[in-house]
6 protein chains.
Amino acid sequence: MGIYNSAVVPYGDGFAGVFRVELGNRFPHLHAGWSEDGLDWQIEPQPVVFTNQPPEIGPGDYAYDPRVVKIEDWYYVTWCGGFNGPTISVARTKNFREFERLDNAFLPFNRNGVLFPRRIGGMYYMLSRPSDNGHTPFGDIYISQSPDMIHWGRHRLVMRKGGDETGQWWQRTKIGAGPIPIEVEDGWLMIYHGVIDTCNGFVYSMGAAILDRDEPWRTLYRVNQHMLTPDMPYEVSGHVPNVVFPCAALHDTAANRLAIYYGAADTSCCVAYAHLDEFVEFVKSNSCVF
Amino acid sequence: MGIYNSAVVPYGDGFAGVFRVELGNRFPHLHAGWSEDGLDWQIEPQPVVFTNQPPEIGPGDYAYDPRVVKIEDWYYVTWCGGFNGPTISVARTKNFREFERLDNAFLPFNRNGVLFPRRIGGMYYMLSRPSDNGHTPFGDIYISQSPDMIHWGRHRLVMRKGGDETGQWWQRTKIGAGPIPIEVEDGWLMIYHGVIDTCNGFVYSMGAAILDRDEPWRTLYRVNQHMLTPDMPYEVSGHVPNVVFPCAALHDTAANRLAIYYGAADTSCCVAYAHLDEFVEFVKSNSCVF
Amino acid sequence: MGIYNSAVVPYGDGFAGVFRVELGNRFPHLHAGWSEDGLDWQIEPQPVVFTNQPPEIGPGDYAYDPRVVKIEDWYYVTWCGGFNGPTISVARTKNFREFERLDNAFLPFNRNGVLFPRRIGGMYYMLSRPSDNGHTPFGDIYISQSPDMIHWGRHRLVMRKGGDETGQWWQRTKIGAGPIPIEVEDGWLMIYHGVIDTCNGFVYSMGAAILDRDEPWRTLYRVNQHMLTPDMPYEVSGHVPNVVFPCAALHDTAANRLAIYYGAADTSCCVAYAHLDEFVEFVKSNSCVF
Amino acid sequence: MGIYNSAVVPYGDGFAGVFRVELGNRFPHLHAGWSEDGLDWQIEPQPVVFTNQPPEIGPGDYAYDPRVVKIEDWYYVTWCGGFNGPTISVARTKNFREFERLDNAFLPFNRNGVLFPRRIGGMYYMLSRPSDNGHTPFGDIYISQSPDMIHWGRHRLVMRKGGDETGQWWQRTKIGAGPIPIEVEDGWLMIYHGVIDTCNGFVYSMGAAILDRDEPWRTLYRVNQHMLTPDMPYEVSGHVPNVVFPCAALHDTAANRLAIYYGAADTSCCVAYAHLDEFVEFVKSNSCVF
Amino acid sequence: MGIYNSAVVPYGDGFAGVFRVELGNRFPHLHAGWSEDGLDWQIEPQPVVFTNQPPEIGPGDYAYDPRVVKIEDWYYVTWCGGFNGPTISVARTKNFREFERLDNAFLPFNRNGVLFPRRIGGMYYMLSRPSDNGHTPFGDIYISQSPDMIHWGRHRLVMRKGGDETGQWWQRTKIGAGPIPIEVEDGWLMIYHGVIDTCNGFVYSMGAAILDRDEPWRTLYRVNQHMLTPDMPYEVSGHVPNVVFPCAALHDTAANRLAIYYGAADTSCCVAYAHLDEFVEFVKSNSCVF
Amino acid sequence: MGIYNSAVVPYGDGFAGVFRVELGNRFPHLHAGWSEDGLDWQIEPQPVVFTNQPPEIGPGDYAYDPRVVKIEDWYYVTWCGGFNGPTISVARTKNFREFERLDNAFLPFNRNGVLFPRRIGGMYYMLSRPSDNGHTPFGDIYISQSPDMIHWGRHRLVMRKGGDETGQWWQRTKIGAGPIPIEVEDGWLMIYHGVIDTCNGFVYSMGAAILDRDEPWRTLYRVNQHMLTPDMPYEVSGHVPNVVFPCAALHDTAANRLAIYYGAADTSCCVAYAHLDEFVEFVKSNSCVF
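A few points on the structure. (Residues numbered from 1 in each chain as written. Chains lettered and ligands numbered in written order. Predicted model: local features only at pLDDT ≥ 70, side-chain atom pairs only at ≥ 80, totals over all residues. Heavy atoms only, no water.)

**What about the sheet that holds strand 2 (residues 14-22) of chain C?**
Residues and elements named next belong to chain C.
At step 1: Taking strand neighbours across the sheet as the criterion, the four strands line up as 1-2-3-4 in an open arrangement whose pairing is antiparallel. Edge strands, defined here as strands with exactly one partner in the open sheet, are strand 1 (2-11) and strand 4 (41-43). Neighbouring strand axes in the sheet, compared pairwise and without regard to direction, differ in orientation by 30 degrees on average.
At step 2: Sheet topology places strand 2 next to strand 3 (residues 28-35); eight bridges connect them, and they run antiparallel. Bridging across to strand 3, Phe19 finds its partner in His31. (Pairing = 2+ DSSP bridges. Helix = DSSP H or I, 4+ residues; strand = E, 2+ residues; numbered from the N terminus. Axes fitted to C-alpha atoms, helices over the stretch in contact; angles between N-to-C directions.)

What follows is the structure, encoded as structure tokens:
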């Protein structure tokens, strides 16, 4: 059994999460889990079962790369689900035991759907990365809004991948949002992954940007270099070599702490720590918006 | 100047339409046009100009393969527009002179967006064909609904392309909706194109299906053979050889008439005539739903 | 209904044949047919039904590009059949009404299987063109032998496609055997197709070679130029443009006549005539074996 | 000098084998070798030389991924050999010093040819995996039979790769037989490799199935998960990263022992041990035939 | 025998030229020819033979798409020749009977090499279109200079293909220079081809630009639309459908005449006429430099 | 900050060099550096700035894989630079502080440009490897000459990659020159890289050849096996796994020493040592010219 890119949130006195788990058939499912300290986890042996799973929104077959966020009374889970091709699936729970499936947010083909942690101007907001039905050698980050978590519209382009003219080679192939955006003084801190293609495959690194608080399709700052790139053996080697893939973050603004959960080489789950203010300052001081 | 796949509707005492026009740069724009008899057309020399064209929904650059439909008081135009990749753009007009741009219905990458001519259960419905950012060697027909023509959700798969197991080779590569669906006794008559790939390129043919009146994501009948396939010289040869691409239809139920406008070889505009009842009967009598 | 690349033989006082027929679903089936003069044909409306069609050798789904040959008491039919991918299927008949299916001759992926009209040294011989499961941008002609028309072995390479160093651009992409080889004074006259890839697709032309009578994997003569290439409108335009595809031949050595049946643009069936001795002489006088 | 995927059998008081050896030019040849304990090997410095190597069956150029099996009086070697493209080559020996080349079993393009260790119903049987002439992004396992080890026929599909609908992602890209099948109580134990494509390359894992004793094209059990997948550094990293490739097995039914020889990352040779009854039981208890 | 894209110049009282001729093997060679009126041509039955053809500059294998220009005392021929891949070959003649081969101008991979008709600032100038070794789905026009017609340097980019942002879809895939540039009042009139890729292949059209007289890497005017695009049956259909490929031009400034020789569908040779002043004025009045 | 494939030369009492440096944006620039012992380096924090950088020869954007050579009074630097695609850029310096940009040597698309350390017959000579604008799955080594380091001509093919018929699989995909050729008794020692494609990516190894002293397009000896191939963890794993890429060499003929600088996995810089005479002797004794 392997546990890969995963999503965690504070819950009760400890933490809860939704995990991409692959048993021996390598078919990815979502499993819930609990932890007291955010590092030592008890993963449910059975996959999440959804209520309200009409066949029209897909057989609920594969499910990977989840994100979790609390908005008002619900914990919402988004993930890359199967709907005659990958798209962004959505469910919600109050207790991480009963999950209610909502409609898929978009048509295929889409990945890396990430909700904002509160409504903005009364609307829900979601980042996503439309692309194709394969291993996606291209892709930019868009944002969409919804009055009801069902119907999505007013799609806006947030950020393009970097081209030669920008010098941003570490993110020249595709980009995708990672953890739930964090509200900071300057707006929304969006941690994301950027990808470069080499002659022997992709290299996934981590970067960050700050989006406007009220019009989050506007990028105020965007880091001009990767902030974490495969270097340790467990990041460089594995079933998908050279991958650092951030997908969740815990932060404590008062304590100025930031813990970023990321998958490494599609084989290990890792946590990277930072001081939140230094992290934000780095993005602002090394910014290159394009 | 070339005029290609085009969309026409009854208007006043005659007809109006929106046309894909390519001047010498081959860059496609939409132009309005008028006709007394539906065959002889006056095309506006200047492209349609949209009010309410915010930059966030794309520079309005290319625009092709329009469809037009009257819903309540407005004529809605959908087309394949540029939004950092092709997607379904939407506008509305009352007089074919002033067009108001609405938000793009979907994220990229999408083509062949076709609205239904009335609300169903209070909701607008649109067919579309999500695919990739190239010449799309795959694609199925989906349906989405919206309460406000802005936010779209409850996405459902309507029809897949035919695979080997179905014997439907004429539509084995991709399919896409054509004219505005026509309400007939059995439900919605949806005329569409199906594509086969040969070793020397694609062949586009015309087929049809009947969708459930109230739950239009359900296919009641689907023709088990093409109803029109490239045969005449102007269908077999041209800038995109071997293309029959239906994109509009005029019908008169009382008179039992059906006129299907289709593009031929991306070079000519053609009209095919049928008796509406015979056309529907053919679909029902030669049906193969999968 | 379309009738494409087809195979004919003398039968009784006239001719019989097996035809690739595609109804409106464009799914190819085999149909039998009869003719008094070899030009005017009565095609059976129903596809050939095979006895002895065990599921293990494929559901008998698609079937195209047949060849027919009489060996001893039986008429054998070979065609490109579906066996989890294309391969060479085999059947036999005595009356073109009852067809007995034999085992597929080869594993996938193979096309253009052509039997010799008699045993050589007690063995059956078959030409074929192994390649891949798509539109086959490469392929050479091989020969295999069998003691029982079931088990095949002693595979030999007969002819490669032409490379730059040969100057044979008309056959530089792939080659495949056409009609049943004709026994002539010098050996076996093998008419075949050669293909060049242009920047707008493949061009299929006709050539010929003479193989050794007793060791037919040896090429004695091979024409250094195409003998027929798309030129007439019905050869240049059609659903698969620029195709001349020979698949059967009638000959009368005494009368020195040769009639070559070929498909044109995968849309028309054509016949080309020649004097047999002149045809052979042309191959010998313009030979380039490589 | 590198020694890669290799094939071993009991021989005399110890073991003999045929090995894929690549010298500094990385061109693969077969070398014989001897061992007393099956772990410490003396490899012949010169490649195997074949008697009866007619030019028609290929110049005997490259040769890799051999398998060895004793049938009646002979040790038969099959490997992926060059015949104007890869196919299954065959030779036999009695002493691992003199090898007699037989005809290639199949036309190109084929890999992973694996003989059964005895005749079944009087016929020899061979598994193989037809595919294309490149790095083969697809492929299923077939079986063929022969009365004489020369002519092969009655081809049957044994197992397909796993699709989305099966959940078998670890084997969704291609599969290929590994060691010589082992006769167990339930039939034939076939160990094989399954491959998944990730966005950074293929991952090769090991699985197993049990085929019917008398009709070995029937799959009775097929494991629903990989039984070994790259995990150790020498499996994850190397010239072909993330490869576990089983190609031989020694078993002792009485002692209930099973030793599986596998190549790791195309760089190391490894052995994995199991209790034979537990191994079989695992396959039966975790079976998913499709 | 086919005669395709060809190059003609005034010579003596009439005209001479170099022609791409393909005999039945479809292998392209250069043949000389003469004409009194520029329309009725006598083509030499044998290919051009070059003196000074050292093996190091290629075996002189294939040769296609020639251009001819008179500079001072010599007629120079450039063409796409084989040098372990396509590049620009060069030869010169004084009488179209004896041709002296010079060194290839560039390394592979290059096509459409076009010389200027006089030195500029003492240097020879050549346009070319570097790309890859296949059917070149991309390519821009560069210019290089040489003091001696042997060593080339000071490479400059002249014009890029049109991107979405330019609206120039007719030339969005690749561009390549055509006839020898014509010195006009504003500078150098460069007629070129532009290509758009459709879902059924490329469409080649004709455009033109005016380059600076002294610094010809500067584009002063560039037509914002195609000036000729496949429309006639012999342009739309043929072995390479939808091709208009200009490769030579005769002009008479005093008489204000311009005759453009172009290949159609790689099957026919055509001539288009214009008034030179109107042609230039059209380029200037419809210019879009990017 | 990463320092990759780099070029070093003796300078003053120690060594100087030009390095490919990538900061956090992974965009490659050239930086100068100094060292006393050739192993411990001080790298300039700022990229090299060029005088005489006209916009026509490219914005000087990316720059990687440099080589450095002293010819007469100047140190010349060549690298893979951006000129609307990769090509060979050239600069010169006397002190590694002020660099004067010269014209690009060739049109795109080219990589691995390596100058000879002295004129031969009065001409400068440069090796290069023309290919395409992507990750170059093919490529051979050419040589060109120049009277002035600006205009290049008399292009000759030096060495092709190895094909199946040569048995040279380690160099079957592409080859490219590495360090500056070293003049030895037999001619020019050229160290180069050869590449094999596996089903999980490329493997780059090191080989060598000896070119004729006066006609360096003639290969006298060429090693028939790789001399260094990825084996150590830092060669096998990294951002571009399995890469050994030689790009500079220091030699001392009197002391019989050779130090080869090579990049490993595009992540580390390494040095390999040899006795020069043994190195040369190995090439001569294991030679296979093709």
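**Examining the interface of chain D and chain A**
At step 1: Counting residues at the interface gives 19 residues for chain D, matched by 16 residues for chain A.
At step 2: Taking both partners together, chain D and chain A bury about 1600 Å²; carbon and sulfur atoms supply 58% of that area.
At step 3: Considering only the surface of chain D that becomes buried against chain A, D:Trp169, D:Cys199 and D:Asn200 emerge as the three largest contributors, covering 40% of it.
At step 4: Between the two partners, chain D and chain A, sit zero salt bridges.
At step 5: Taken together, the links from chain D to chain A amount to ten residue pairs in polar contact (both at pLDDT 80 or more).
At step 6: A per-class count over the side of chain D that touches chain A returns six nonpolar, ten polar and three charged. (Contact = heavy atoms within 4.5 Å. Buried area = accessible area lost by both parts, 1.4 Å probe. Salt bridge = Lys/Arg side-chain N within 4 Å of Asp/Glu carboxyl O. Polar contact = N/O pair within 3.5 Å; in protein donor to acceptor, adjacent residues only side chain to side chain. Nonpolar A, V, L, I, M, F, W, Y, C, P; charged D, E, K, R; others polar.)

**Regarding the packing of aromatic side chains**
All names here are of chain D.
At step 1: Overall, the coordinates contain 124 aromatic pairs over all chains when judged by the stated rule.
At step 2: Seen from their ring centres, Tyr62 and Tyr64 are 5.8 Å apart, and the 20 degrees between their planes marks the pair as stacked.
At step 3: Tyr64 gets classed as buried once you look at its relative accessible area, which sits at 12%.
At step 4: Taking 6.2 Å as the distance between ring centres and 70 degrees as the angle between the ring planes, the aromatic pair formed by Phe116 and Tyr125 counts as edge-to-face. Tyr125 carries the same exposure label as Phe116, and that label is buried. (Phe/Tyr/Trp six-rings, centres within 6.5 Å; stacked < 30°, edge-to-face > 60°. Buried < 20%, exposed > 50% of the residue type's maximum accessible area, 1.4 Å probe, protein only.)

**Examining the sheet that holds strand 21 (residues 268-275) of chain A**
Residues and elements named next belong to chain A.
At step 1: Within the open sheet, the three strands sit side by side as 19-20-21. Their pairing is antiparallel. Two strands bound the open sheet, and with one partner strand each, they are strand 19 (244-252) and strand 21. Recorded for the sheet is a direction-independent mean angle of 25 degrees between the axes of neighbouring strands.
At step 2: Here strand 20 (residues 257-264) runs beside strand 21; their pairing, made up of eight bridges, is antiparallel.

**A few points about the relation of the copies chain D and chain A**
At step 1: Between the two copies, chain D and chain A, the superposition gives an RMSD of 0.0 Å; the rotation angle is 120 degrees and the shift along the axis is 0.0 Å. Taken together, the turn and the small shift mark the pair as related by a three-fold rotation axis. Across chain D, the rotation axis passes nearest the C-alpha of D:Ser237, at a separation of 3.9 Å. (Least-squares fit on C-alpha atoms with pLDDT ≥ 70 in both.)

**So, the environment of B:Leu127**
Residue and element names in this part refer to chain B.
At step 1: As for its placement among the helices and strands, Leu127 is situated in strand 11 (residues 124-130).
At step 2: Its relative accessible area of 0% is what places Leu127 among the buried residues.
At step 3: Remark: the alpha-carbon pair of Leu127 and Ser237, spanning 110 residues in sequence, is separated by 29 Å.
At step 4: Ignoring anything within four residues of it in the chain, the contact list for Leu127 reads Asn112, Gly113, Val114, Phe116, Ile141, Tyr142, Ile143, Val158, Ala177, Pro181, Met190 and Leu211.

**Some details on the interface of chain A and chain B**
By convention, interface size is frequently given as the accessible area that disappears when the constituent parts associate.
At step 1: Listed by partner, the interface residues are 36 residues for chain A and 36 residues for chain B.
At step 2: A buried area of about 2800 Å², summed over both sides, lies between chain A and chain B, and 56% of it is on carbon and sulfur atoms.
At step 3: Summed over the shared surface of chain A and chain B, the result is four salt bridges.
At step 4: For the salt bridge of A:Arg154 with B:Asp103, the shortest nitrogen-to-oxygen distance reads 3.7 Å.
At step 5: Put simply, chain A and chain B have 13 residue pairs in polar contact (both at pLDDT 80 or more) between them.
At step 6: Residue assignment for the side of chain A that touches chain B shows that the elements contributing at least two residues are strand 11 (124-130), strand 12 (141-146) and strand 13 (153-159) of chain A.
At step 7: Considering every element that reaches the side of chain A that touches chain B, the biggest residue donor is strand 13 of chain A, with five residues.

**Looking at helix 2 (residues 276-285) of chain E**
At step 1: Of all the positions in helix 2 of chain E, only E:Leu276, E:Phe279, E:Val280 and E:Val283 are classed as buried. The arc that holds every buried residue of helix 2 of chain E, seen down its axis, measures 95 degrees, which confines them to one face. (Arc of directions from axis to C-beta.)

**Describing the environment of C:Cys269**
All names here are of chain C.
At step 1: Along the polypeptide, Cys269 turns up in strand 21 (residues 268-275).
At step 2: A relative accessible area of 46% places Cys269 in the partly exposed class.
At step 3: Taking the C-alpha atoms as reference points, Cys269 and Phe245, separated by 24 residues in sequence, lie 9.5 Å from one another.

**What about the pairing of strand 17 (residues 201-211) of chain B?**
When a strand is regular, its side chains alternate between the sheet's two faces.
All names here are of chain B.
At step 1: Across the eleven residues of strand 17, ten count as buried, placing the element largely inside the fold.
At step 2: With eleven bridges connecting them, strand 16 (residues 187-198) and strand 17 associate as antiparallel partners. Residue pairing across strands places Val195 opposite Tyr204, the latter belonging to strand 17.
At step 3: Hairpin remark: strand 16 followed by strand 17, antiparallel, with two residues in the connecting loop.
At step 4: By the bridge criterion, three bridges tie strand 17 to strand 18 (residues 219-222) in an arrangement that is antiparallel. By the bridge assignment, Ala209 is partnered in strand 18 with Arg222.

**A short note on the pattern of salt bridges**
At step 1: According to the stated counting rule, one finds 90 salt bridges over all chains in the structure shown.
At step 2: Note that C:Glu22 is salt-bridged to C:Arg26, the shortest N-O span being 2.7 Å. Residues C:Glu22 and C:Arg26 agree in their burial class; the two are buried.
At step 3: The partner of D:Arg92 in a salt bridge is D:Glu100, with the nearest N and O atoms 3.0 Å apart.
At step 4: Through salt bridges with shared partners, a single ionic network connects A:Arg20, A:Glu22, A:Arg26, A:Asp65 and A:Asp266.

**Looking at the side chain of B:Asp266**
At step 1: Position of B:Asp266 relative to the elements: it lies in the loop between strand 20 (257-264) and strand 21 (268-275).
At step 2: Non-local contacts of B:Asp266, meaning those with residues more than four positions away in its chain, are made with B:Tyr4, B:Asn5, B:Arg20, B:Val240 and B:Val243.

**Structural notes on the arrangement of the chains**
At step 1: As for chain D relative to chain B, no contact occurs, and the smallest C-alpha gap between them is 15 Å.
At step 2: Separated in space, chain C and chain F share no contact, their closest pair of C-alpha atoms being 15 Å apart.

**Section: the relation of the copies chain A and chain B**
At step 1: When chain A is brought onto chain B, the operation consists of a screw motion whose angular component is 180 degrees and whose axial shift is 0.0 Å, with 0.0 Å RMSD remaining. These values place the two chain copies in the arrangement generated by a two-fold rotation axis.
At step 2: The fraction of interface residues of chain A whose copies in chain B are also interface residues reaches 100%, indicating that both copies meet through the same surface.

**Quick word on the state of the cysteines**
At step 1: Applying the stated criterion to the full structure yields zero disulfides over all chains.
At step 2: Here C:Cys247 stays unpaired: no disulfide links it, and the sulfur of C:Cys269, its closest cysteine neighbor, is 7.2 Å away. (Disulfide = S-S within 2.5 Å.)

**Comments concerning the environment of B:Lys94**
Residue and element names in this part refer to chain B.
At step 1: Within the fold, Lys94 resides in the loop between strand 8 (86-93) and strand 9 (99-101).
At step 2: With relative accessibility at 45%, the residue Lys94 sits in the partly exposed group.
At step 3: Each C-alpha atom of the pair Lys94 and Tyr76 lies 8.7 Å from the other, and the pair is 18 residues apart in sequence.
At step 4: If we ignore the near neighbours within four places in the chain, the residues touching Lys94 are Tyr11, Asp73, Trp74 and Tyr75.

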